[in-house]
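The chain contents come next:
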Amino acid sequence: IFLYLLFFALISLIFLSNINIYDRYITDGIFLRHEEIIFYTLPHTNIYLTAIEIIKDNLIFGIGPKMFRIYCENYLVCSTHVHNNFLQILLDLGLFGLFFYLIFLCYIVYLIIKNLIIFFNIKKNYLICLIILLCQTLINFNPLLPTGNIFGTFSLTMYSIIISFLIFFNNRRN
């Protein structure tokens, strides 16, 4: 477990130390161009605006998972998914699904912080793992970053890893 988290931290440092990647995600992230807000790229922004237009008509329960590619055909910009977790949850599952998603995120952060406090004086190697896990959680669930399809394999794998480690640490302290 410790080796995995150490490997993830090293990959993250290498990833962010690359000037091209740093410029794309940090420097060119959200910026103002001619009095309009652009999220990362103009295509991302257009996809977000299309999603918001569809959300207006389906606010409470959404349009259903993986239905964006069908609904967006009537709009200027279309894609397979929204490229933002929060917009995708709101679009696919509506306010109802977003409510449960936010409760889930708050619970994950709560468990990580609770375990950080518990392991702070007991086991230092667990503490380092939990700090890395917290960073990974905050990066994966960041509402401002473009993301993959939340119902896709990679995203679910990343969330499953986080949840697996949380279950491990909760069982470890008992």
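Everything here concerns the structure above.
Per chain, residues are indexed from 1 in the order of the written sequence. Given that the model is predicted, a residue must reach a pLDDT of at least 70 before its local features are reported, and side-chain atom pairs must reach 80 or more before they are shown or counted; all residues, however, enter totals for whole chains, interfaces and linings. Hydrogens and waters are ignored; side-chain quantities use all the structure's heavy atoms.

Helical segments are the DSSP runs of H or I of at least four residues, strand segments are the runs of E of at least two, and each set is numbered from the N terminus. What a helix is expected to span follows from its residue count: subtract one and scale by 1.5 Å. In this model, helix H3 (residues 42–57) (16 residues) spans 24 Å end to end at C-alpha, consistent with the 22 Å of a helix rising 1.5 Å per residue. A simple rule labels every residue: compare its accessible area, found with a 1.4 Å probe on the protein chains alone, to the largest value its type can have, and call it buried under 20%, exposed over 50%, or partly exposed in between. Where H3 is concerned, the buried positions are His-44, Thr-45, Ile-47, Tyr-48, Thr-50, Ala-51, Ile-54 and Ile-55.

Okay, the packing of aromatic side chains next. We describe a pair of aromatic rings using the distance from one ring centre to the other and the angle between the two ring planes. Pairing of aromatic side chains requires ring centres within 6.5 Å, counting the rings of Phe and Tyr and the six-membered ring of Trp. Pairs whose planes differ by under 30 degrees are stacked, by over 60 edge-to-face, and all others tilted. All chains considered together, the criterion is met by five aromatic pairs. Here the aromatic rings of Phe-61 and Phe-96 are separated by 5.8 Å at their centres, their planes lie at 55°, and the arrangement is tilted. With Phe-61 in the loop between H3 and helix H4 (68–71) and Phe-96 in helix H5 (residues 85–119), this residue pair connects regions lying 35 residues apart in the sequence. By relative accessible area, Phe-61 is classed as exposed at 59%. Measuring from ring centre to ring centre gives 5.4 Å for Phe-99 and Phe-100, while their planes differ by 75°; the resulting arrangement is edge-to-face.

Residue position: Thr-41 is located in the loop between strand S2 (36–39) and H3. Under the relative-accessibility criterion, Thr-41 is labelled partly exposed at 29%. With 105 residues separating them along the chain, Thr-41 and Pro-146 place their C-alpha atoms 9.9 Å apart.

What follows covers the state of the cysteines. The disulfide definition used here is simple: a pair of cysteine sulfur atoms within 2.5 Å. Per the counting criterion, the structure on display carries one disulfide. Each sulfur in the disulfide pair Cys-72 and Cys-78 lies 1.8 Å from the other. Taking the sign of the S-S torsion, about 60° here, the bridge from Cys-72 to Cys-78 comes out right-handed. Under the relative-accessibility criterion, Cys-72 is labelled buried at 0%. In this structure Cys-78 comes out as partly exposed when scored by relative accessible area, which is 40%.

Next up on the list: empty space enclosed by the protein. Buried and open spaces are told apart on a 1 Å grid over the protein atoms alone, a cavity being a set of points where a 1.4 Å probe fits but cannot get out and a pocket being an open set with protein on both sides within 12 Å along at least five of seven lines. Residues with an atom within 4 Å of a point are the lining residues. Grid points are joined across faces, edges and corners, and a volume is the space filled by probe spheres set on the points. Counted by the stated rule, this structure contains one cavity of 30 Å³ or more. Of the residues contributing to the lining of the largest cavity, the split by class is three nonpolar, three polar and two charged. Ten residue types, Ala, Val, Leu, Ile, Met, Phe, Trp, Tyr, Cys and Pro, are classed as nonpolar, four, Asp, Glu, Lys and Arg, as charged, and the remainder, Gly among them, as polar.

A few words now on the side chain of His-81. By the secondary structure assignment, His-81 is in the loop between H4 and H5. In terms of polar contacts, His-81 uses its side chain to reach the side chain of His-83, at 3.3 Å. At 3.4 Å, the side chain of His-81 forms a polar contact with the backbone nitrogen of Asn-149. Pairs of residues are marked as contacts when any of their non-hydrogen atoms sit within 4.5 Å. Ignoring sequence-local partners within four residues, the contact set of His-81 consists of Ile-47, Phe-68, Gln-88, Thr-147, Gly-148 and Asn-149. Throughout this description, a polar contact denotes any pair of N or O atoms lying within 3.5 Å of each other; where both atoms belong to protein, one of them has to be capable of donating a hydrogen while the other can accept it, and for residues adjacent in sequence the pair is counted only when both atoms sit in side chains.

So, on to the nonpolar core. Ranked by internal contacts, the top residues of the largest apolar core, which has 35 residues, are Phe-68, Leu-91, Tyr-101 and Leu-133. Broken down by secondary-structure element, the contributors of at least two residues to this core are H3, H5, helix H6 (124–140) and helix H7 (153–172). Take this core: its biggest share by element is 12 residues, from H5. Nine residue types can take part in a nonpolar core, namely buried Ala, Val, Leu, Ile, Met, Phe, Trp, Tyr and Cys, and a core is a set of them joined through side-chain atoms within 4.5 Å.

The residues that make up patches have over 30% relative accessible area and no salt bridge, and they are joined within 9 Å when like-charged or within 5 Å when they are Val, Leu, Ile, Met, Phe, Trp or Tyr. Each accessible area value is a Shrake-Rupley result obtained with a 1.4 Å probe; residue values ignore everything except the protein chains displayed when judging cover. Any carboxyl oxygen of Asp or Glu within 4 Å of a side-chain nitrogen of Lys or Arg constitutes a salt bridge here. A surface patch of nonpolar side chains, amounting to about 820 Å² of accessible area, comprises Leu-59, Ile-60, Phe-61, Leu-95, Phe-96, Phe-99, Phe-100 and Ile-103. Relative to the assigned elements, Leu-95 resides in helix H5.

Positive phi, normally seen in glycine, also occurs at Lys-66, with a value near 60°. Its place among the elements puts Lys-66 in the loop between H3 and H4. Owing to a relative accessible area of 42%, Lys-66 belongs among the partly exposed residues under this scheme.

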